[in-house]
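Listed below are the residues making up each chain.
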Amino acid sequence: MLILVTYDVNTETAAGRKRLRKVAKQCVNYGQRVQNSVFECQVDSVKFRQMKAVLEDLIDKEKDSLRFYNLGDKYQNKVEHIGAKPGFDVTDTLIF
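Numbering of residues begins from 1 in every chain and follows the order in which that chain's sequence is written. Only residues with pLDDT of 70 or above have their local features reported here, since the model is predicted, and side-chain atom pairs are shown and tallied only from 80 upward, although totals for entire chains, interfaces and linings are computed over all residues. The side-chain numbers reported here are obtained from all heavy atoms of the structure, hydrogens and water having been left aside.

1. Examining the nonpolar core
Then, in step 1: The nonpolar core is taken to be a set of buried Ala, Val, Leu, Ile, Met, Phe, Trp, Tyr and Cys residues, with the residues joined through side-chain atoms within 4.5 Å. Each residue is placed in one exposure class: buried if its accessible area under a 1.4 Å probe, protein chains only, is under 20% of its type's maximum, exposed if it is over 50%, and partly exposed if it falls in between. Counting 17 residues, the largest nonpolar core has Val5, Tyr7 and Met51 as the members making the most contacts within it.
Then, in step 2: Elements represented by at least two residues in this core include exactly strand 1 (2-8), helix 1 (14-30), strand 3 (38-42) and helix 2 (45-58).
Then, in step 3: Excluding anything up to four places from it in sequence, Met51 contacts Ile3, Val5, Tyr30, Cys41 and Phe68. To qualify as a helix, a DSSP run of H or I must reach at least 4 residues; to qualify as a strand, a run of E must reach at least 2; elements of each kind are numbered from the N terminus. Contacts are residue-level and defined by heavy atoms, with any inter-residue pair within 4.5 Å sufficient.

Take a look at the structure:
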């Protein structure tokens, strides 16, 4: 399933900036960045629960927020992109 992860981490303090870097690093482990604080993650239900728990442990719930949008398995017709930096299908084969 495709999960869209968005986050807003308060960076007014050094601790907040550190949390932001940690959240971003963890999101990279599960998907691809499509905008500054937005990741598309192709995961199964077990990985989703794991990712959610890891991210939830990193944030300060009084100052930061996370949002998870479950677009499911048939997400291709739910995502429309306009403008620069077009995305790619995360399930396709990558050629280096």
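There is more to say, and it comes next.
2. Some details on the pairing of strand 2 (residues 32-35)
Then, in step 1: Pairing between two strands requires that DSSP report at least two bridges joining them. In terms of strand pairing, strand 2 meets strand 3 through three bridges, oriented antiparallel. For Arg33, the partnering residue across the bridge sits in strand 3 and is Phe39.
Then, in step 2: Here strand 2 folds back onto strand 3 in antiparallel fashion, the turn holding two residues.

3. Considering the environment of Gln35
Then, in step 1: With respect to the element layout, Gln35 can be found in strand 2.
Then, in step 2: Using a relative accessible area of 54% as the deciding quantity, one classes Gln35 as exposed.
Then, in step 3: As a C-alpha pair, Gln35 and Thr6 span 29 residues in sequence and 9.2 Å in three-dimensional space.

4. Brief notes about the pattern of salt bridges
Side chains that differ in charge, positive against negative, can pair when their charged atoms come close.
Then, in step 1: By convention in these notes, a salt bridge is any Lys or Arg side-chain nitrogen within 4 Å of a carboxyl oxygen on Asp or Glu. Overall, the coordinates contain two salt bridges when judged by the stated rule.
Then, in step 2: Arg19 is the partner of Asp64 in a salt bridge, and the nearest nitrogen-oxygen pair spans 2.6 Å. Taken together, the residues Asp64 in the loop between helix 2 and strand 4 (65-72) and Arg19 in helix 1 connect sequence positions 45 residues apart. Both residues of the pair, Asp64 and Arg19, count as buried.
Then, in step 3: With its nearest N and O atoms 3.0 Å apart, the salt bridge here joins Glu56 to Lys61.

5. Notes on the sheet that holds strand 3
Then, in step 1: Here we have four strands laid out as an open sheet, ordered 2-3-1-4, and antiparallel in their pairing. In this open sheet, the two edge strands, each paired with only one partner strand, are strand 2 and strand 4. Averaged over all adjacent pairs, the angle separating strand axes in this sheet is 25 degrees, with direction ignored.
Then, in step 2: Where strand 1 lies against strand 3, five bridges are found, and the strand directions are antiparallel. Residue pairing in the sheet places Ile3 in a bridge with Cys41 of strand 3. For every element, the axis is a line fit to its C-alpha atoms; helices are fit only across the contacting stretch, and the angle between N-to-C directions ranges from 0 to 180 degrees.

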